[in-house]
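Residues per chain are reported as follows:
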Amino acid sequence: GENVEQHPSTLSVQEGDSAVIKCTYSDSASNYFPWYKQELGKRPQLIIDIRSNVGEKKDQRIAVTLNKTAKHFSLHITETQPEDSAVYFCAARTSGGSNYKLTFGKGTLLTVNP
Amino acid sequence: DVKVTQSSRYLVKRTGEKVFLECVQDMDHENMFWYRQDPGLGLRLIYFSYDVKMKEKGDIPEGYSVSREKKERFSLILESASTNQTSMYLCASSARDRGGEQYFGPGTRLTVT
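The sections below set out a description of the structure shown in this document. (Residues numbered from 1 in each chain as written. Chains lettered and ligands numbered in written order. Predicted model: local features only at pLDDT ≥ 70, side-chain atom pairs only at ≥ 80, totals over all residues. Heavy atoms only, no water.)

If you tally the helices and strands in chain B, you get 0 helices and 11 strands. Helices (α) and strands (β) of chain B occur, in sequence order from the N terminus, as β-β-β-β-β-β-β-β-β-β-β. Over its C-alpha atoms chain B spans a radius of gyration of 13 Å, differing by no more than 12% from the 13 Å that the globule rule assigns to 113 residues. Each of the three principal axes of chain B carries a C-alpha extent, and together these read 40 × 25 × 25 Å. Nonlocal contacts in chain B, meaning residues at least 24 apart in sequence, comprise 56% of its contacts between residues at least 6 apart. About 5400 Å² of surface is accessible on chain B, with carbon and sulfur atoms providing 48% of the total. Distance between charge centres in chain B, computed from 17 positive and 16 negative side chains, equals 5 Å. (Helix = DSSP H or I, 4+ residues; strand = E, 2+ residues; numbered from the N terminus. Rg over C-alpha atoms; globule rule 2.2 N^0.38 Å. Contact = heavy atoms within 4.5 Å. Areas by Shrake-Rupley, 256 points an atom, 1.4 Å probe, with all protein chains shown as cover. Lys, Arg positive; Asp, Glu negative; His and termini not counted. Charge placed at Lys NZ, Arg CZ, Asp CG, Glu CD.)

Listed below in structure tokens is the structure:
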């Protein structure tokens, strides 16, 4: 089955700096890669996603890049703010068969220091 | 706005008890999922269902079972709770034609003593 590795497990940045979280996946058939943000005590929520036919996607201060050849994708947050502090999860979905489920990485705790 | 609700936010049970966790979604989603979340281990899939009365094992199904008698409701059952099942349990749902986006419930913090 699919395996998703996520790094780093913790990341601390100063307000205004950029943050990058990286994930690798094992199944070359994976075709959908969402990122979820979970604030303390809250439920995970989708913040951005990318499909395998796209190399990069941006939404204001966040962007995701995908390298299908290397089987890795990354989340980039620019001009970080204290409210960006949360746990971020990457995930991958494989097409075909049980194509409804996602495999999640173990998460990255991002702390943005004022 | 998608709404996924779970029957309890906090639950305390004794070892050996049978435990029911319920999840309800109001968006007519075909797919529903149960995860457990533990520090440092991320979100691990226990079971999922892609239709009424259909279910598939996830990555850690041992000690759990599920029931989906109605499209909007997905129940997780711990037949005989054990202390190593103390965890945060999250339910999620997604629409089949939307692919992967999953909407999560608020979670149930289960403590087994």
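Having seen the model, we can carry on.
Okay, the packing of aromatic side chains next. Considering all chains together, one arrives at 13 aromatic pairs over all chains under this definition. Ring centres of tyrosine 25 of chain A and phenylalanine 73 of chain A lie 6.0 Å apart, and the angle between their planes is 55°; on these two criteria the pair is classed as tilted. Separated by 48 residues along the polypeptide, tyrosine 25 of chain A in strand β3 (residues 19–25) and phenylalanine 73 of chain A in strand β8 (residues 72–77) bring together distant segments of the chain. Note on accessibility: tyrosine 25 of chain A and phenylalanine 73 of chain A belong to one class, buried. With a centroid separation of 5.6 Å and 85° between ring planes, the pair formed by tyrosine 36 of chain A and phenylalanine 104 of chain B is classed as edge-to-face. Taken together, the residues tyrosine 36 of chain A in strand β4 (residues 30–38) and phenylalanine 104 of chain B in strand β10 (residues 103–104) connect one chain to another. Residue tyrosine 36 of chain A is classed as buried on the basis of its relative accessible area, which comes to 0%. Owing to a relative accessible area of 3%, phenylalanine 104 of chain B belongs among the buried residues under this scheme. Taken together, Tyr36, Phe89 and Phe104 of chain A together with Phe33, Tyr35, Phe48 and Phe104 of chain B form an aromatic cluster joined through their ring pairs. (Phe/Tyr/Trp six-rings, centres within 6.5 Å; stacked < 30°, edge-to-face > 60°. Buried < 20%, exposed > 50% of the residue type's maximum accessible area, 1.4 Å probe, protein only.)

The subject of this paragraph is the interface of chain B and chain A. Contact with chain B, which involves 25 residues of that partner, is made by 17 residues of chain A. For the chain B and chain A pair, buried surface summed over both sides reaches about 1800 Å², with 56% attributable to carbon and sulfur atoms. For the interface between chain B and chain A, the tally reads 0 salt bridges. The interface formed by chain B and chain A holds 4 residue pairs in polar contact (both at pLDDT 80 or more) in total. At the level of secondary structure, the elements contributing two or more residues to the side of chain B that touches chain A comprise β4 (31–38) and β5 (42–51) of chain B. (Buried area = accessible area lost by both parts, 1.4 Å probe. Salt bridge = Lys/Arg side-chain N within 4 Å of Asp/Glu carboxyl O. Polar contact = N/O pair within 3.5 Å; in protein donor to acceptor, adjacent residues only side chain to side chain.)

Before going further, it helps to examine the nonpolar core. Formed by 22 residues in total, the largest nonpolar core has its most connected members in Trp35 and Phe73 of chain A. Elements with a contribution of two residues or more to this core: β3, β4, β5 (45–51), β7 (62–67), β8, β9 (86–94) and β11 (108–113) of chain A. Apart from residues lying up to four places away in sequence, phenylalanine 73 of chain A is in contact with Ile21, Lys22, Cys23, Tyr25, Phe33, Trp35, Thr65, Leu66, Cys90 and Ala91 of chain A. The next biggest cluster of nonpolar side chains, apart from the first, holds 20 residues, and it includes Val4, Ile46, Tyr64 and Cys91 of chain B. (Core = buried A, V, L, I, M, F, W, Y, C linked by side-chain atoms within 4.5 Å.)

Another aspect to go through is the pairing of β4 of chain A. Residues and elements named next belong to chain A. Judged by how many residues are buried, β4 sits mostly within the fold: 9 of 9 residues are covered. Looking at chain direction, β4 and β9 are connected through 6 bridges and run antiparallel. Bridge pairing in β9 links glutamine 38 to valine 87. Taken together, the 6 bridges between β4 and β5 define a ladder with antiparallel strand orientation. Within the sheet, the bridge partner assigned to tryptophan 35 lies in β5 and is isoleucine 48. (Pairing = 2+ DSSP bridges.)

Let us look at the sheet that holds β3 of chain A. Residues and elements named next belong to chain A. Sheet architecture is open: 5 strands sit in the order β1-β3-β8-β7-β6, paired in antiparallel fashion. Looking at which strands have only one partner, the edges of the open sheet turn out to be β1 (4–7) and β6 (56–59). Looking at each pair of strands side by side, their axes are set apart by 15° on average, direction ignored. Relative to β7, β6 is paired through 4 bridges, and the arrangement is antiparallel. Note on β7: the bridge partner recorded for lysine 57 is valine 64. (Axes fitted to C-alpha atoms, helices over the stretch in contact; angles between N-to-C directions.)

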